[in-house]
Amino acid sequence: MSERRQPTEVRRAELTDAALRIIAERGIAALSTRTLAAEVGLTSGALFRHFPTLDALLDSVVTRVETVLEATYPPADVPAAERLARFVEARSAAVGERIGILRLMHSEQFRLALPADGAARLAACVRRTRAYVTACLAEGQAQGAFRTDVAPEALTPIVVGTVQVLAQGQAAQPVALPVDARTVREALKLLLAPPSAPPNRGLS
């Protein structure tokens, strides 16, 4: 079997993305060094050079999730409404390309299959996401960009849920409802807009 040589970090990223595909399509119980080797067309020996154990592979998957999610946070100096819009766009695209991230972050069963440290790190990613969205909403409310009749903590699940729907739609999951991304973003914009005010253009 021929093996295409890649720089170590590039290869590890490819392997962890492939592991996320397996998790998305077959569940975390199907993930093993053997199934991963078959998925990417490597020999088991070549794979063991990168991940000597399943725990090492799972640790790398969690690190990959952290890296992908961290890249979706816009710069802090962007106005709150635009920052939230960029976040929704970037996070739904990133997770849609690697829908296994959604499975890991929002399935207790999947998280229980991870080493304790990995599960704790994913839980921290979930908390950071919610805190980030809540902070954007609170700042946007203070700037008059978002409605103030609903607490930012109550609006946060709506934004997070929108990201999940957009990600599932992009991933074309068999169980996902057909979704028009622009329509969903417009609906979110209307929900967050101050009453009797035109929707904020930051979320267009």
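Rules used throughout
Residues numbered from 1 in each chain as written. Predicted model: local features only at pLDDT ≥ 70, side-chain atom pairs only at ≥ 80, totals over all residues. Heavy atoms only, no water. Helix = DSSP H or I, 4+ residues; strand = E, 2+ residues; numbered from the N terminus. Expected span 1.5 Å × (residues − 1). Buried < 20%, exposed > 50% of the residue type's maximum accessible area, 1.4 Å probe, protein only. Arc of directions from axis to C-beta. Salt bridge = Lys/Arg side-chain N within 4 Å of Asp/Glu carboxyl O. Axes fitted to C-alpha atoms, helices over the stretch in contact; angles between N-to-C directions. Parallel < 35°, antiparallel > 145°, perpendicular 65-115°, else oblique. Contact = heavy atoms within 4.5 Å. Nonpolar A, V, L, I, M, F, W, Y, C, P; charged D, E, K, R; others polar. Phe/Tyr/Trp six-rings, centres within 6.5 Å; stacked < 30°, edge-to-face > 60°. Lys NZ or Arg CZ within 6 Å of the ring centre and 35° of its normal. 1 Å grid on protein atoms, 1.4 Å probe; cavity = no way out; pocket = protein on both sides within 12 Å on 5 of 7 lines; lining within 4 Å. Points joined across faces, edges and corners; volume = space filled by probe spheres on them.

## Describing helix H10 (residues 181-192)
(1) Moving on: For H10, with 12 residues, the first-to-last C-alpha span of 17 Å sits near the 16 Å given by 1.5 Å per residue.
(2) Moving on: Considered for burial, the residues of H10 that qualify are Val184, Leu188, Lys189 and Leu192. All buried residues of H10 project into a common sector of 140 degrees when viewed along the axis, lining one side. Seen from the buried face of H10, the exposed residues on the opposite side, beyond 90 degrees, are Arg182 and Leu190.

## Some remarks on the pattern of salt bridges
(1) Moving on: A full pass over the atoms with the stated rule returns 15 salt bridges.
(2) Moving on: A salt bridge links arginine 185 to glutamate 89; the shortest N-O distance between them is 3.3 Å. With arginine 185 in helix H10 and glutamate 89 in helix H5 (residues 80-97), this residue pair connects regions lying 96 residues apart in the sequence.
(3) Moving on: Where lysine 189 meets glutamate 186, a salt bridge forms, and the shortest distance between an N and an O atom there is 2.9 Å. Taken together, the residues span about one helical turn, with lysine 189 and glutamate 186 both in helix H10 at a distance of 3 residues.

## Observations regarding the environment of alanine 94
(1) Moving on: Structurally, alanine 94 is set in helix H5.
(2) Moving on: Between the C-alpha atom of alanine 94 and that of alanine 71, which follows or precedes it by 23 residues, the distance is 8.9 Å.

## Some details on the packing of helix H1 (residues 8-26) against helix H4 (residues 54-70)
When two helices pack together, their arrangement is given by the angle between their axes and by how far apart the axes lie.
(1) Moving on: Look at H1 against H4: their axes get within 9 Å of each other, and the N-to-C directions meet at 95 degrees. Relative to H4, H1 is oriented roughly perpendicular. Here Arg12, Ala13, Thr16, Asp17, Ala19, Leu20 and Ile23 of H1 come into contact with H4, specifically with Leu57, Ser60, Val61, Arg64 and Val65.
(2) Moving on: The class makeup of the residues in the contact of H1 with H4 is 7 nonpolar, 2 polar and 3 charged.

## Thoughts on the packing of aromatic side chains
(1) Moving on: Counting across every chain of the model gives 3 aromatic pairs.
(2) Moving on: A centroid spacing of 5.3 Å and a plane angle of 45 degrees characterise the contact between phenylalanine 87 and tyrosine 132, whose relative ring orientation is tilted. Highlighted residues: phenylalanine 87 in helix H5 and tyrosine 132 in helix H8 (residues 116-142), separated in sequence by 45 residues.
(3) Moving on: These aromatic residues form a ring-pair network of at least three members: Tyr73, Phe87 and Tyr132.
(4) Moving on: Over the ring of tyrosine 73 we find arginine 91; its NZ or CZ atom is 5.2 Å from the centre of that ring.
(5) Moving on: It is arginine 128 that lies over the ring of tyrosine 73; its NZ or CZ is 3.9 Å from the centre.

## What to know about empty space enclosed by the protein
(1) Moving on: Following the criterion strictly, the structure yields 1 cavity of 30 Å³ or more and no others.
(2) Moving on: Approximately 150 Å³ is the volume found for the largest cavity.
(3) Moving on: Lining the largest cavity we find 15 residues, and of these Arg91, His106, Thr129, Val160 and Gln164 sit closest to its centre.
(4) Moving on: Of all the elements in the fold, those that place two or more residues in the lining of the largest cavity are H5, helix H6 (100-106), H8 and helix H9 (152-171).

## Brief notes about the layout of surface pockets
If a probe the size of a water molecule is rolled over the atoms, the empty space left behind becomes visible.
(1) Moving on: Empty space within the largest pocket amounts to approximately 180 Å³.
(2) Moving on: Along its surface, the largest pocket is lined by Glu9, Arg12, Ala13, Thr16, Ala56, Asp59, Ser60, Thr63, Arg64 and Thr67.
(3) Moving on: Only H1 and H4 provide two or more residues apiece to the lining of the largest pocket.
(4) Moving on: Residue classes in the lining of the largest pocket are distributed as 2 nonpolar, 4 polar and 4 charged.

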